[in-house]
Structures are given as structure tokens and as C-alpha cells.
Amino acid sequence: MKSRLMAEFDKIFGRDGSENIYFAPGRVNLIGEHTDYNGGHVFPCALTIGTYAVARKRSDDRLRFYSMNFEGLGVIESSIKSLEYKKEDDWTNYPKGVIWALMEKGYDIPYGMDILYFGNIPNGSGLSSSASIEVLTGFVCKDMFALDIDNVNIALTGQYSENNFNGVNCGIMDQFAIAMGKENRAIFLDTATLEYTYAPINLTGYKIVILNTNKKRGLGDSKYNERRSQCEEALKRLKTKLNINSLGELTEEEFEENRQLIGDEILEKRAKHAVYENRRTISAVQALKNNDIETFAMLINQSGDSLKNDYEVTGIELDTLVEEARKQTGVICARMTGAGFGGCAVSIVKNEAVDGAIEAIGKAYKEKIGYKADFYVVEIGNGPEKLS
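All of the points below concern the structure found in this document. Since the model is a prediction, treat every value here as computed from it, not as a measurement.

1. Topic: the packing of aromatic side chains
Phase 1: Per the counting criterion, the structure on display carries 16 aromatic pairs.
Phase 2: On the numbers, 5.5 Å between centres and 45 degrees between planes, the contact of Trp100 with Phe165 is tilted. Of this pair, Trp100 sits in helix α2 (residues 93-104) while Phe165 is found in the loop between α4 (151-164) and α5 (173-179), placing the two residues 65 residues apart along the sequence.
Phase 3: Trp100 sits in the buried class, given a relative accessible area of 17%.
Phase 4: For Phe165, a relative accessible area of 8% corresponds to the buried category.
Phase 5: Measuring from centroid to centroid gives 5.2 Å for Phe176 and Tyr196, while their planes differ by 70 degrees, and the two rings are edge-to-face. A residue pair is termed long-range when its members are at least 10 positions apart, and Phe176 in helix α5 and Tyr196 in strand β7 (residues 195-200) qualify at 20 residues.
Phase 6: Residue classification places Phe176 among the buried positions, given a relative accessible area of 1%.
Phase 7: Accessibility expressed as a relative area gives 32% for Tyr196, which makes it partly exposed.
Phase 8: Taken together, the aromatic side chains of Phe65, Phe70, Trp91 and Tyr117 make up a single cluster linked through ring pairs.
Phase 9: Positioned above the aromatic ring of Tyr198 is the side chain of Lys182, whose terminal nitrogen or guanidinium carbon lies 4.3 Å from the ring centre.

In C-alpha cells:
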């Protein structure tokens, strides 16, 4: 991989020996979906697939970006002196946004860079290719310009850039999971306080299999922001009586006792998902600690049902993959993961059943949807690193 990346960098920008290679992972969230902006808990892990960058400092203010995933777009240029969102700059608005955010927060980035990116995360899949680019860019800047910033604040800067530069009201989960990933561990994160612990993922005899709908989904173009505003409105109505700052503070019983305050069926469903999903996540982590894989799997399935019925962020593609997966012998759970409206589902499958399940799910999906799904058997990996 390194030689391939360096050869491509040489072809695009030319080499002088000062280049370095970096990597940041993608992530998958095992449970705790659409809770991160509702003050709840999430349980993601970093993956061994992700985004690579070859980067070199320049002596002027120019930023030159190139992606091996979007070769047809060529080199897209900007300047550190005039960073602003431009639709025509396409994917580069993510790294541009991070550099802008770092400078907004007072970090000194005196020179531009030549950066080549390559990701083996499917774009638009819901495995956080955009957050991977954001964390990677922050990590590159930290190393290149000796910035005094830790990985938690790199994650927060990535979220800040996506909220304020790209206009997507994402929570902190994606960037945090990528920045703080640890091999064979998932991160039990309280998004209200950023308190976190690492939980061992002991799936002996099982594999995590990602099921990709191949339906592209852009967060900014989806109903993601609408769901967030619906939860904010539900919270506002609950606060007319309750002294709370987020839906994540409520137990299921407290929600049921006060749900009439919301006074709108759709808003009630959205808030119910946020409250119940948070409690499911807490229970799921405890089940893992107890080596109770059956309860863990049951909670993952309940999460998927809630995302379909209460939060309504699935669609026929995700529903088909999840329904077909759950029919297969050896698949103990399956649900959509990520923001929804396309992207991916996550499943846990007995080792001996993986190949047969993938074949059967793929066949049924293509017959119903008309195009194929992709499948990835993934491992849990570390956060960002410098490779050379």
C-alpha cells in the first residue's frame, strides 16, 4: 500500500523526500444510533479499513488536494488564507473545514500542503468516510506543524468543522470513535460528558459482517438534520415540566410518564427512540461484560426495529438487507448502522455461517432491489497513526 500511495503522489505532485504517510480508520457503531446528539451513550469501534494520506508541507499558502477515489476531479486547490465552503470543491470541503476549524481555534498553520488521499471505506456507506478524512487531516496537521492538540480535541475539531463549515449537525460519535479507536475494543462513550471506557469485544466464534446497500447517502442531503431538529423540539416540550438538558437523561419510565407533554405523535416516536436506544446501549455493554452474547444480540435487533419504526431512517434497501440477514442460520443479529437512508447494516455471524449467509443475502437483495450489495468481514483496529 505504501509504495502504491507514494508512486501516485509522485505522479501527481512530484516527490522530494519530505512526504509522510498517515492513516485514520473508519468506524462502525455496534449500538447507540442517533443518540450522540441527544446526550446519550454510543458504542462504536474503529475498523482496520479507513483513509490514507500522503502529505507534504509547502512553502507558500496553497492547499492542493487529490483523491485516488475521485481521480476524475483532479487536483483541487485552495488557500489557507481564504478557506470557505464551495460546492464545486466537492469532497475537499471536509479537509478544508478541518484546517479552517483548527485556525479558528487558534492553532498556527502557517503554510499550505500537498495532500493525496485514498480511502478503502466505501463512500456514502455510513462507515464514516467523511469523519475519517476529518480526523486524518487533523492528525496530519498536528504532526506537520507540531500542534499541541490531543486526539479528543482532534475529534471535537472535526465535529466543529462539519457543523460549522459543512453545515451538517452531526454529533461527536464518528470523529471520537475514529480518533480514539483501540484494537479489539469498542468505546462506551457518554456523549453528554465525553467520559468513556474501552470495552473488550470478545466475539470468539463470530465475525462482524458489514452489509452495504450501495445506495449512496449524503448526510447534508438527507433528513438527518430534520431528525435532529425533531428531537430538539421534543426536548423543548418536555422541559416545560422536567429539569433536563437532554433526552439521554431520561429512563424509559420517566419518558412514558411524561410523553404526553410532547403532544405530537411523530415527535413522540423520535424522542422514544432516543431515550430507549440510550438505555439499550447501556444494557448491551453490560451484557458483553457478562459474556452474554444472546442478550447483546437481542438488544442490537431491538435497536434496528426502533430505527425502522420509531426513528424511520431505514428505507427499502436497508430493510431488505436486515430482514434477509435475520432469516439466515448463524446470523444472531442485524440492524442498520450510521445515519441511515442508505449506507450499511451491521451483523454478527457465526464463523461457519459467514460465506453462506453472504451468498443468500446477496442473492435475495439483488432480486428485490435490482443491484448488488457488498459485504465486508471487518476487524476492530486502532485510531490514527503515522506510517512513515
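Now, onward.
2. Details of empty space enclosed by the protein
Phase 1: Evaluation of the coordinates by the stated rule reveals one cavity of 30 Å³ or more.
Phase 2: Of the pockets and cavities examined, the largest cavity occupies roughly 40 Å³.
Phase 3: As for the largest cavity, its lining consists of Val209, Leu211, Ser347, Val349, Val354, Ala357, Ile358, Ile361 and Phe375.
Phase 4: Elements represented by at least two residues in the lining of the largest cavity include exactly β8 (206-212), β10 (344-350) and α11 (354-369).
Phase 5: Counting residues per element, the lining of the largest cavity draws most heavily on α11, which supplies four residues.
Phase 6: Taken together, the residues that form the lining of the largest cavity break down as eight nonpolar, one polar and no charged.

3. Notes on the packing of helix α10 (residues 316-327) against α11
Phase 1: Two elements in contact, α10 and α11, have axes separated by 9 Å at closest approach and are oriented at 145 degrees. Crossing of α10 over α11 shows right-handed handedness. Two secondary-structure elements touch here, α10 through Ile316, Glu317, Thr320, Leu321, Glu323, Glu324 and Ala325 and α11 through Ile361, Ala364, Tyr365, Lys368 and Ile369.
Phase 2: Taken together, the residues of the contact of α10 with α11 sort by class into seven nonpolar, one polar and four charged.

Reading guide: rules and limits
Within every chain, residues take consecutive numbers counted from 1 along the sequence as written. The predicted nature of this model means local features are confined to residues of pLDDT at least 70 and side-chain atom pairs, given and counted, to a pLDDT of 80 or more, with totals for whole chains, interfaces and linings taken over all residues. For side-chain calculations, the full set of non-hydrogen atoms in the structure is used, while hydrogens and water are omitted. Two rings from Phe, Tyr or Trp (for Trp, the six-membered ring) form a pair when their centres sit within 6.5 Å of each other. Planes less than 30 degrees apart are called stacked, planes more than 60 degrees apart edge-to-face, and all others tilted. Here a helix means four or more residues in a row that DSSP labels H or I, a strand means two or more in a row labelled E, and each is numbered from the N terminus. Exposure categories follow from relative accessible area, calculated using a 1.4 Å probe and restricted to protein chains: below 20% of the type maximum is buried, above 50% is exposed, and the middle band is partly exposed. For a ring to carry a charge above it, either NZ of a lysine or CZ of an arginine must fall within 6 Å of the ring centroid while also lying within 35 degrees of the normal to the ring plane. Lining residues are defined by having an atom within 4 Å of a point belonging to a cavity or pocket. Those points lie on a 1 Å grid over the protein atoms alone, cavities being sets where a 1.4 Å probe fits but cannot get out and pockets being open sets with protein on both sides within 12 Å along at least five of seven lines. Grid points are joined across faces, edges and corners, and a volume is the space filled by probe spheres set on the points. When residue character is reported, Ala, Val, Leu, Ile, Met, Phe, Trp, Tyr, Cys and Pro are called nonpolar, Asp, Glu, Lys and Arg charged, and the others, Gly included, polar. Axis geometry follows a simple rule: fit a line to the C-alpha atoms, using only the stretch in contact for helices, then measure angles between N-to-C directions, giving values from 0 to 180 degrees. Helix crossings are classified by the rotation of the near helix relative to the far one: an anticlockwise turn of less than a right angle makes the crossing left-handed, while a clockwise turn makes it right-handed. The contact definition used throughout considers only heavy atoms, calling two residues in contact when any of these lie within 4.5 Å.

Taken by themselves, the reported measurements are silent on function.
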